[in-house]
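# Summary of structural features
Residue-level listing of the chains:
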Amino acid sequence: MNITVYLGAFEGKDASLKQAVRELGTWIGASGNALVYGGSKSGLMGEIAESVLQAGGTVTGVEPKFFMDAELQYDNLTELIVTNDMTEGDAFIAFPGGTGTLEEISEVMSKVSLKQLDAPCILYNLNGYYDSLKALLAHMIEMGLSTPERQQGIYFADSLEEIKQIINRY
């Protein structure tokens, strides 16, 4: 399975992020799945690529053209795809990240809710990172602006074990 992970090009201030992203990458590589991600060598993005490759997995970078121009891509990628769209994969995970991560996973959430994409959209809620987004989605339902049916396929996982369980259902 191609597992797309959206995550930041910075490591952040919480040291547990680096450890958790390496655990996720090791699981992806060791389980026979393949990583699809933004292709960067920076921050958490570089950590996940390195951990997947070290675990024997394959890594495909799907990188927007403007990043290619800045030469930020990871050097040892199995494959590099230059694109304008970041919705490549069979499962999607948003690791804690910045505005780029939010934009990318929002596009996936929209496509899942509109049934344009039949894949799990998982927000890795490490240390409660996505609690506010989870509350916002619930608020949308409360206000009658969304429905539970529209949000089917969007998951919040607090651990790697929960991510594995969700992916194994697909």
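One numbering rule holds for all chains: residues counted from 1, following each sequence as written. For a predicted model such as this one, the threshold for reporting local features is a pLDDT of at least 70, and the threshold for listing and counting side-chain atom pairs is 80 or more; totals across whole chains, interfaces and linings nevertheless cover every residue. Calculated side-chain values reflect all of the structure's heavy atoms, with hydrogen atoms and water omitted.

As for its position among the elements, Asn125 is in the loop between β6 (121–124) and α5 (131–142). In this structure Asn125 comes out as buried when scored by relative accessible area, which is 3%. Each polar contact in these results corresponds to two N or O atoms within 3.5 Å; when the atoms are within protein, one needs to be able to donate a hydrogen and the other to accept it, and residues that are neighboring in sequence are counted only if both atoms are side-chain atoms. Separated by 3.3 Å, the side chains of Asn125 and Asp158 make a polar contact. Only heavy atoms enter the contact rule, under which two residues are in contact if any of them lie within 4.5 Å. The contacts of Asn125, once residues within four sequence positions are left out, are Tyr130, Asp131, Ala157 and Asp158. The secondary structure listing takes helices from DSSP runs of H or I that are at least 4 residues long and strands from runs of E that are at least 2 residues long, numbered from the N terminus. Each residue's exposure class comes from its accessible area (1.4 Å probe, protein chains only) as a fraction of the maximum for that residue type: buried when under 20%, exposed when over 50%, partly exposed otherwise.

This part is about the packing of aromatic side chains. A pair of Phe, Tyr and Trp rings is counted when the ring centres sit within 6.5 Å of each other, with Trp represented by its six-membered ring. The angle between the planes then sorts it: under 30 degrees is stacked, over 60 is edge-to-face, the rest tilted. This structure, assessed with the given rule, holds four aromatic pairs. Ring centres 6.2 Å apart and planes at 10 degrees place the aromatic pair Tyr6 and Phe92 in the stacked group. Pair noted here: Tyr6 is in strand β1 (residues 2–6) and Phe92 is in strand β5 (residues 91–94), with a separation of 86 residues, a long-range link. Overall, the relative accessible area of 0% leaves Phe92 in the buried class. Ring centres of Tyr155 and Tyr170 lie 6.4 Å apart, and the angle between their planes is 85 degrees; this geometry places the pair in the edge-to-face category. With Tyr155 in strand β7 (residues 154–157) and Tyr170 in the segment after α6 (160–168), the pair connects residues that are 15 residues apart, well separated along the chain.

Right, let's get into the pairing of β5. Remark: a regular strand shows side chains that alternate across the two faces of the sheet. Where burial is concerned, the two faces of β5 agree: the one with Ala91 and Ile93 and the one with Phe92 and Ala94 are both buried. Paired strands, as defined in this entry, are two strands with at least two bridges between them according to DSSP. Across four bridges, the pairing between β1 and β5 is parallel. Residue pairing across strands places Ile3 opposite Ala91, the latter belonging to β5. Pairing of β5 with β6 involves three bridges; the strand directions are parallel. Within β6, the position partnered with Phe92 by the bridge is Cys121. Since β5 and β6 lie parallel, the crossover through helix α4 (residues 99–113) that links them has a hand, and here it is right-handed. Classification remark: right-handed applies to a crossover when, strands pointing away from the viewer, the course from the first strand over the helix to the second runs clockwise.

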